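This is what each chain is made of:
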Amino acid sequence: MKSLRILAAIAVAVPSVLAAQRAEPRNDRLTLTDYLEWEGVASPQLSPDGKSVIYSRTWIDKLNDKRMSSIHIMNVDGTKPRKLVDGSAPQWSPDGTRIAYVAEGEPNKTPQIFTRYMDAEGAITQVTRLTSAPGNVRWSPDGTELLMNRKDRRQQILELAACNSETTKCRVIVREEWKTGWIENAPTMRMLADKKRFIWESDRNGFTNYYLYDLTGKLINPITTLTTAEAGAIVKLDEKAGVLFYTARDGDNYMKMQLHRVKLDGTGDVRLTDPKFNHSVGACPDVDPTGKVAEAGAGRGGRGGGGFGGGAGSCGISADNKYFIDTYQTNDIPAATQLVEIGAAGGKVVAQLAKADTTKFDALKLHKAEQFEYLAADGKTKLYGQI
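The rules behind each value
- Residues numbered from 1 in each chain as written.
- Predicted model: local features only at pLDDT ≥ 70, side-chain atom pairs only at ≥ 80, totals over all residues.
- Heavy atoms only, no water.
- Helix = DSSP H or I, 4+ residues; strand = E, 2+ residues; numbered from the N terminus.
- Buried < 20%, exposed > 50% of the residue type's maximum accessible area, 1.4 Å probe, protein only.
- 1 Å grid on protein atoms, 1.4 Å probe; cavity = no way out; pocket = protein on both sides within 12 Å on 5 of 7 lines; lining within 4 Å.
- Points joined across faces, edges and corners; volume = space filled by probe spheres on them.
- Nonpolar A, V, L, I, M, F, W, Y, C, P; charged D, E, K, R; others polar.
- Pairing = 2+ DSSP bridges.
- Lys, Arg positive; Asp, Glu negative; His and termini not counted.
- Salt bridge = Lys/Arg side-chain N within 4 Å of Asp/Glu carboxyl O.
- Polar contact = N/O pair within 3.5 Å; in protein donor to acceptor, adjacent residues only side chain to side chain.
- Contact = heavy atoms within 4.5 Å.
- Disulfide = S-S within 2.5 Å.
- Phe/Tyr/Trp six-rings, centres within 6.5 Å; stacked < 30°, edge-to-face > 60°.
- Lys NZ or Arg CZ within 6 Å of the ring centre and 35° of its normal.

Engineer: How would you summarise the environment of Asn-136 if you had to cite specific residues and measurements?
Structural biologist: With respect to the helices, strands and loops of the structure, Asn-136 is situated in strand β9 (residues 135-139). Of the residues examined, Asn-136 reaches a relative accessible area of 30% and is grouped as partly exposed. For the pair Asn-136 and Ala-89, spaced 47 residues apart in sequence, the C-alpha to C-alpha distance is 9.4 Å.

Engineer: So what about the layout of surface pockets? Which residues, and what values?
Structural biologist: Of the pockets and cavities examined, the second largest pocket occupies roughly 370 Å³. Taken together, 19 residues line the second largest pocket, and the ones lying closest to its centre are Trp-182, Ile-183, Glu-184, Ser-202 and Asp-203. Mapped by element, the contributors of at least two residues to the lining of the second largest pocket are β12 (170-177) and β14 (197-202). Per-element accounting of the lining of the second largest pocket gives the leading share, three residues, to β14. Taken together, the residues of the lining of the second largest pocket sort by class into eight nonpolar, three polar and eight charged.

Engineer: Residues and numbers for the sheet that holds strand β17 (residues 231-238), please.
Structural biologist: Taken together, the four strands give an open sheet; going across it, the order is β17-β18-β19-β20, and neighbouring strands pair in antiparallel fashion. Across the chains shown, the open sheet's two edge strands, defined by having one partner strand only, are β17 and β20 (270-271). Both strand β19 (residues 258-263) and β20 contribute to a ladder of two bridges, which runs antiparallel. When the sheet's bridge partners are listed, Arg-261 is paired in β20 with Val-270.

Engineer: Which residues make up the side chain of Asp-61, and what values do they have?
Structural biologist: For Asp-61, the position within the fold is in strand β2 (residues 52-61). An unpaired buried charge is present at Asp-61: no salt bridge exists, and Lys-66, the closest side chain of opposite charge, is 7.2 Å distant. At a separation of 3.1 Å, a polar atom in the side chain of Asp-61 contacts the main-chain amide nitrogen of Leu-63. Only 2.8 Å separates the side chain of Asp-61 from the side chain of Asn-64, close enough to count as a polar contact. Once residues within four sequence positions are removed from consideration, Asp-61 is found in contact with Lys-66 and Met-68.

Engineer: Before we move on, could you go through the state of the cysteines and cite the residues and values that matter?
Structural biologist: Counted according to the given criterion, the structure contains two disulfides. Note on cysteine connectivity: Cys-163 is disulfide-linked to Cys-170, with sulfurs 2.0 Å apart. The disulfide joining Cys-163 to Cys-170 has a torsion of about 105° about its S-S bond and is therefore right-handed. According to the relative accessible area criterion, Cys-163 is buried, its value standing at 1%. With a relative accessible area of 30%, Cys-170 lands in the partly exposed category. Each disulfide pairs two cysteine sulfurs, and for Cys-284 the partner residue is Cys-315, the sulfurs being separated by 2.0 Å. Judged by the sign of its S-S torsion, about 85°, the cystine formed by Cys-284 and Cys-315 is right-handed. Here Cys-284 is found in the loop between β21 (278-280) and β22 (300-301), whereas its partner Cys-315 is found in the loop between β22 and β23 (323-329), with 31 residues between them in sequence. Taken N- to C-terminal, the disulfide-bonded cysteines of the protein are connected 1-2, 3-4.

Engineer: Please set out the environment of Tyr-323 residue by residue, giving values where relevant.
Structural biologist: Here Tyr-323 is to be found in strand β23. Given the relative accessible area of 32%, Tyr-323 is considered partly exposed. Along the primary structure Tyr-323 and Gly-347 are separated by 24 residues, whereas in three dimensions their C-alpha atoms are 8.6 Å apart. For Tyr-323, the residues in contact, after removing those within four places along its chain, are Gly-316, Ile-317, Ser-318, Leu-339, Val-340, Glu-341, Ile-342 and Val-350.

Engineer: Requested: an account of the packing of aromatic side chains, with residues and values cited.
Structural biologist: For the structure shown, the criterion picks out seven aromatic pairs. Judged by centre distance (6.4 Å) and plane angle (85°), the ring pair of Phe-198 and Trp-200 falls under edge-to-face. No difference in accessibility class separates Phe-198 from Trp-200, as the two residues are buried. Linked through ring pairs, Phe-198, Trp-200 and Tyr-213 together constitute an aromatic cluster. The positively charged end of Arg-57 is found above the aromatic ring belonging to Trp-59, 4.8 Å away from the centroid. Between the NZ or CZ atom of Arg-204 and the centre of the ring of Tyr-211, over which it lies, the distance is 4.2 Å.

Engineer: Which residues make up the pattern of salt bridges, and what are the values?
Structural biologist: In the structure shown here, the tally under the stated rule is 18 salt bridges. Between Glu-104 and Lys-66 there is a salt bridge; the shortest N-O distance is 2.6 Å. Here the residue Glu-104 occupies a position in strand β6 (residues 98-105), and Lys-66 occupies one in strand β3 (residues 66-75), the gap between them amounting to 38 residues. Taking relative accessible area as the criterion, Glu-104 reaches 44% and is therefore assigned partly exposed. Here Asp-274 makes a salt bridge to Lys-276, at a shortest N to O gap of 2.8 Å. Look at Lys-276 and you get partly exposed, because its relative accessible area is 46%. Among the charged side chains, a salt-bridge network with shared partners connects Arg-150, Glu-159, Arg-175, Glu-177 and Lys-179.

This is the structure we're talking about:
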């Protein structure tokens with residue numbers, strides 16, 4: 001009987017405890033209410049005179065189930081924060097007299113580019129009349145135009161366009177078209193020191209390559225002319241030496257990135273690394289025609305163009321372009337680092353600097369990644385994977 005009374009007491013107590021636990025709200029989890037109250041800031045921009053900061057503030061309009069954004073400004077010391085206008089992605093004009101931003105406009109409340117004067121009157125102008133949202137909006141170096149990427153509704157045409165910030169008249173600088181597919185809206189665009197020429201990334205021949213243009217839309221020359229591999233990221237632009245270092249997927253298979261050097265006129269392209277390995281080299285700041293190293297983020301735009309891939313501290317190429325530090329590996333060979341001398345015909349290993357310690361890995365008898373090959377649906381194209 002005593003055992004039965006104990007069991008009965010437990011049977012009554014356990015549901016009561018569980019009910020109490022369910023009744024107590026947990027404070028270590030985000031709830032829907034928390035999400036709906038969430039606010040954030042983005043796109044901070046320091047004014048050219050260094051006195052003010054503009055930024056976007058985002059929140060959720062619970063009534064209309066829509067994410068909203070507005071542009072605010074404050075003094076650089078954090079005082080006097082205030083709202084300027086609804087919109088996002090603010091950009092100071094080079095002279096600091098205006099900002100450009102993206103907000104709903106005509107036609108049909110499509111995202112459009114606007115400008116606002118930063119004087120007391122704060123006059124606003126809608127600059128574009130697009131059918132789809134603009135991409136990578138930024139001021140031209142002289143502040144007279146707004147540059148943007150724009151696409152058609154089918155996303156088969158991409159244009160780098162420039163719109164006059166006063167007259168709102170727009171012109172096409174570069175036009176890309178890919179009728180059998182769709183085009184990325186964020187190609188790399190790297191402005192040169194003269195603020196007139198720029199490097200443009202394009203897949204127009206079926207492979208990613210870099211081209212040298214000027215802001216009038218004139219194609220000066222192709223820089224890379226790959227026809228069997230994709231160009232990757234820009235590693236170093238040295239205008240004084242007239243060379244560009246970039247990566248390309250032209251190793252033993254396209255998963256193995258290689259370092260290349262090419263002259264800005266498109267001649268002398270040479271692979272500097274061993275195609276049996278995948279290589280990684282730290283990105284460097286641009287060097288202008290006088291030899292001056294650019295500040296972090298200067299002259300960059302588009303994909304991979306918002307900064308220096310780690311900045312000057314991670315630069316893997318020597319200032320005189322004679323050496324680079326290379327980290328190389330494969331799926332079954334651990335990473336190692338070496339110093340490579342750059343010659344006219346390619347790279348020559350000077351010294352081994354470091355090697356991954358796999359003692360613990362081997363002791364645990366862990367398996368290395370295995371690479372496999374298979375054919376695409378066309379029965380011809382070889383694809384690779386790792387498991």
